[in-house]
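Examining the three-dimensional arrangement
Now for the letters of each chain:
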Amino acid sequence: MKLVLPLDDAAADLATVGGKGASLARLIQAGLPVPGGFHITTEAYRAFVRDFRDDILRAGDAERIAELFACHEMPESIAGEIRRAYAALGDDVPVAVRSSATAEDLPEMSFAGQQDTYLNIRGDALLDAVKRCWASLWNARAIAYRDQNGVPHDDVALAVVVQELVDADAAGIMFTADPVTGARDETVVNASWGLGEAVVGGQVTPDTIVVAHGAVTRSRTSDKTVMTVRTPTGTEERPVPGELRRVPVLSPEQAVELAALGALVQDVYGMPMDVEWARSGDAFAIVQARPITGIKPQTEEWNDSLKGDYLWTAANLGEAIPDVMTPVTWSFVRMFIHEAMAASSLPGFDLVGNIGGRFYMNLSIVHTIAAALGMESRLSATENVFGKLPPGLDVPKAEISRWEIVKRVVPMAINIQRRVRTNLKGMRAFLATSRQRCEELRAAIAATGSGPELARLWADEIEPHMVTSCRMLEAAGRQGGSTLVHTRDKLREMMGDTDAEAMLTGVNAGGELASLGPVMGLTRLARGEITREEFARAYGHRGPHEFEVSIPRPGEDPDWIDAQLAGLRDVQAGTEALLARQEKAREEAWARFAARYPGKEAKMRERVRRWSAVVRDRESTRSENMRAFWVLRAFTVRAGELTGHGDDVFYLYLEELLDLLRGNAAGLERVPVRRATYEKYAALPPYPTLIVGRFDPVRWAAGPDRRGDLYDARGGMAPVGDTVTGFPGAPGVVEGIARVISGPEEGERLKPGEILVTTLTNVGWTPMFPRAAAVVTDMGAPLSHASIVARELGIPAVVGTGNATMRLRDGDRIRVDGERGTVELLA
C-alpha cells in the first residue's frame, strides 16, 4: 500500500484513507468543488507506530501516548513522500491538516471532533502537524468515543488529509435534511464570517437559513461576535467587525446556490448529509461531508383526518383492528371493507379511513345520509354498534346536496339487498367448507416455488376466496334487517334490563358461538379431549391481532397456547360452569316472561331464536373471514421468502407486492420510509375513540392533557367526567380490585376474581373472561365483543365508558353495576 495518494485517487477507500478521506475522494470524483490536496494513508500511520504500538496499547493514558508520538522521529521514507506531495501543491501553500480515522464519518457513528485538525499549516510545520494528528487518535475524547460505541482500539488506524486551505471570507455547516425534525425537503444552512472553525467549535452563533424547493423559506440573522481568521503562524479567534456582526452572511441567492450543492452531495451518498463549506469571493467549496447521525428517519403521512372536518370513530371495527397497520395489511383491510361493506364504495364518500395507521370509520357520512333521508330519529340505533356520542357533540356534516345523496344511496341500497339475498343462499355451504379450503390454500402457498407462480395463485384462488368470505360476512350481518337492534330493545321494554339480557343469552346453546370458540377449545384441550394440533386447526386463526398479517397467529405460536392454558388453571369456575349458571338465569327469566305475558312466550322465543341465529351467523362468518386473513398472512410471508426480501414485504401495498412477485421491485424503494412511518405511529399510545377534524397523532401524544375518549380540533370539549358510566353490557353487581390492562399480552396480570378494565376487547381477550369478576371498557356498545361474550358467560360488564382507563387506577377497589352501566370507585 502506498504511503501517500492524490486526493481523488480511485484507491482512496475507508481502510486506506479513513472516512473523511474516502468521502472527499468520492466528492471530487463526482465533480464537486473540493479543494485540492493529498492523503497520507493508514499504511504511513502503521509504519510510523510499528516500533511502539504495544507501548501505546499498554499506556492507557492520553498524555503519555502523546509523549510517545512526540519523541519518535518520522522516518525519512514517510517524510520524503509527504514533502514531495506538498511541494506539488505549489510554493509554501497554506493547508489544512485533518485527521481521517478508519472508524469515522460512518452513518451510525460520525466521530466528528474526536481527533484534531490544524489550519493554515505551511512548509516545515507540516510534518509536526501530521504527527499531532496521528497522536490525536489516542486523545481522551477519541478513546472514550470508541469505548462508548464498542470500537476496539487495536482495530483503528488514522489517515491524514492535507488540503489547500480556502481563504474563506465565510464558512459554515449545511445539513441536507433538517437535523431536528428530520424533514427531507429542507436544507438547513449555518453561516458565519471567516473560517469554519468558530462554527464547528461552537464559539459563535451563526446565521440560520432554511431552503426548500429552491427558495429560502425562513432565516435568522444572528449577532456574530467571533470569527476564525488566518495569521502568519496559524489561526486565531478575533472579534467580528461591528459593521458585519448583524449583517446576513449569505444572500438568498447564495443560500439557494449552496443548497443546490448540498443536494448534489446528498445524491452522491443517497442519504442526508452534514456538509462543511467555505466561500472565497463568489465561489463555494466543500471541505468535508459526512452522513447526519441521529436524524429522525424519513416518514410518510398516513392521515385521512386531513381530508376534511369529519367525525371519526374507532368503535366497532376499530376494536377488531386495534393495531397500527402495516401497508400490506391496510391493503387487505381496504379489500375487506370494499367487499364486506358495500356502502363504503359509495362515490364521493370516505366512509373509512387510516389515521396514523389505525382504522377509523367516518360517522359524519352516516349522519349526513340519515339527515338527507329523513332518518335522523333512527340514528340512536347506531349506538348499539358504535357507542354513544358525548352529550352536546355537534357532528359535522359532509358538504353534499340531499338530491346527490338520494341519487347515490338508493341504487346502492337496492344492489346491496340483491347481493345479500344471493350470498345468503351460499352461506351454509361456505361455512361448511371454509376451514378445509383455507388449509388447502395455505398448503398450495407453501408449495409455490417462484414469485410468478404465487402471483398466479393469488389471482386464481386466494383473492376469489377472500372476496367470497367478505361477502358472506356482509350477508350474515345484514340478514334479518334490524333484528339485532329491535329485538333487544323490545325485550328491555317488556322485561327490564336484567331479564332481557338473560333471555338473549344462549346463543352458544344452539351451536358454538365463534367468539367463545377459543376459550371453549382451550377448555377441551386442557381436559385432553382434543390435541394441540386440533386446537390450532380449529381456533389458531383467532387472536387479538387477527387482521394484522405481520403478526403470527396463535396457531403458529406454541407459547401463546401455553400462556392461555396456564391462565385457565387458576379459574375456580370453568367456562362451562359459567355457561350453566347463565342457562339457569336465562330459564328463570323466561319463566317470569311467561307469567307476565301469557300466550306470548312461544312467539318471543322464536323471535329470540332468530336473533341468536343472526348473532351466531355473524360471528361464524367473521371467524371464517379471519381464517381467510390467515391465508393472506401465509401468502405475504411466502412472498417474502420467494423474493428474498423477508419482512420488507409487509411495507408494500398489495399491488406493489404483486409487482414484486412478477419481477418489478420498484416498490421496495419506499420500504425504509414506510417502516419508519409504521414504527413512528406504533410507538404512540392508542388514539382517541372519537376524532373531530384534523388530527396530528404525534402532537396529540406529546400533549400533557391528551384524552383517550375524544379529540375535537374545534376546541371547547367538556371536561372528562368524574363518573364512569357506559352501556349496560351484561347485568350484575360486583365489587373487586380493578386490574387496568393495556393489551392482551399483559393478561397474566389479571388474577381470578379481579375486574378487567381496558380500552377495548376483541376475540383475543376471550380466554381472560372466565378469570374476570366483571369487565369495564372505554370502547364498545351492546353488540360489541365484550358485551356478547360477557352476556353469554353471565359476567357483569359496562362498555363504552369513554373514560374508565383515565379515571380508574390499577389496584383501585370498584363496584361495577352491569344493569345500570355504572362503575363506582370505593374508598
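Above this text is the structure in question.
Right, let's walk through the structure included here. A quick note: this is a predicted structure, and the numbers were derived from the prediction, not measured.

Regarding the overall build of the protein
Of the regular secondary structure elements, the protein holds 26 helices and 26 strands. Viewed in the frame of its principal axes, the protein has a C-alpha envelope of about 115 × 60 × 60 Å. Relative to its 827 residues, the protein shows a buried fraction of 55%. Pairs at least 24 apart in sequence give 68% of the contacts found in the protein among residues at least 6 apart. Carbon together with sulfur atoms contributes 50% to the accessible area of the protein, which is approximately 34800 Å² in total. Distance between charge centres in the protein, computed from 94 positive and 112 negative side chains, equals 9 Å.

Here we look at the side chain of serine 612
Structurally, serine 612 can be placed in helix 21 (residues 601-643). Since its relative accessible area comes to 8%, serine 612 is described here as buried.

Describing the pairing of strand 3 (residues 95-101)
In terms of residue burial, strand 3 counts as a mostly covered element, since 7 of its 7 residues are buried. Burial along strand 3 is two-sided: the residues Val95, Val97, Ser99 and Ala101 and Ala96, Arg98 and Ser100 are all buried. Where strand 3 meets strand 4 (residues 117-121), 3 bridges bridge the pair, whose relative direction is antiparallel. Paired with valine 97 across the two strands is tyrosine 118, which belongs to strand 4.

Comments concerning the sheet that holds strand 15 (residues 352-355)
Spatially, 15-16-14-17-18 is the arrangement adopted by the 5 strands of the open sheet, whose pairing is mixed. If you trace the sheet from one side to the other, it starts and ends with strand 15 and strand 18 (710-712), each paired once. For this sheet, the mean inter-axis angle between neighbouring strands, taken without regard to orientation, is 25 degrees. Sheet topology places strand 14 (residues 311-313) next to strand 17 (residues 690-692); 3 bridges connect them, and they run antiparallel. The residue of strand 17 that forms the bridge with threonine 313 is leucine 690. Contacts from helix 12 (residues 363-372) reach strand 14 and strand 16 (358-362) within the one sheet, and its direction differs from that of strand 16 by about 15 degrees.

Considerations on the packing of helix 17 (residues 517-526) against helix 20 (residues 575-596)
It is the contact of helix 17 with helix 20, at a shortest axis distance of 9 Å, that shows an interaxial angle of 125 degrees. Here helix 20 runs oblique to helix 17, going by the angle between their axes. Residues Val519, Met520 and Thr523 of helix 17 pack against Thr575, Glu576 and Leu579 of helix 20. Looking at the contact of helix 17 with helix 20 residue by residue, the classes come out as 3 nonpolar, 2 polar and 1 charged.

So, the nonpolar core
By size, the foremost hydrophobic cluster in this structure holds 86 residues, and its most contacted members are Phe332, Phe336, Phe359, Trp458, Ile462, Phe629 and Phe635. Ranked by the residues each element gives to this core, the list is headed by helix 15 (residues 451-478), at 9 residues. Aside from chain neighbours lying at most four places away, what touches phenylalanine 629 is Phe332, Val333, Phe336, Met466, Glu546, Phe547 and Val549. Counting 51 residues, the second-largest nonpolar core is a separate cluster that includes Phe535, Leu578, Leu579 and Val775.

Quick word on helix 1 (residues 14-29)
For helix 1, with 16 residues, the first-to-last C-alpha span of 15 Å runs short of the 22 Å given by 1.5 Å per residue. By the largest-angle criterion, lysine 20 marks the main kink of helix 1, which is about 85 degrees. Every buried residue of helix 1 is accounted for by Thr16, Val17, Gly18, Gly19, Lys20, Gly21, Ala22, Ser23, Leu24, Ala25 and Leu27. Directly after helix 1, the chain includes glycine 31, whose backbone phi takes a positive value near 90 degrees.

The rules behind the values
Residues numbered from 1 in each chain as written. Predicted model: local features only at pLDDT ≥ 70, side-chain atom pairs only at ≥ 80, totals over all residues. Heavy atoms only, no water. Helix = DSSP H or I, 4+ residues; strand = E, 2+ residues; numbered from the N terminus. Buried < 20%, exposed > 50% of the residue type's maximum accessible area, 1.4 Å probe, protein only. Contact = heavy atoms within 4.5 Å. Areas by Shrake-Rupley, 256 points an atom, 1.4 Å probe, with all protein chains shown as cover. Lys, Arg positive; Asp, Glu negative; His and termini not counted. Charge placed at Lys NZ, Arg CZ, Asp CG, Glu CD. Pairing = 2+ DSSP bridges. Axes fitted to C-alpha atoms, helices over the stretch in contact; angles between N-to-C directions. Parallel < 35°, antiparallel > 145°, perpendicular 65-115°, else oblique. Nonpolar A, V, L, I, M, F, W, Y, C, P; charged D, E, K, R; others polar. Core = buried A, V, L, I, M, F, W, Y, C linked by side-chain atoms within 4.5 Å. Expected span 1.5 Å × (residues − 1). Bend = angle between axes of the 7 residues up to and from the residue.

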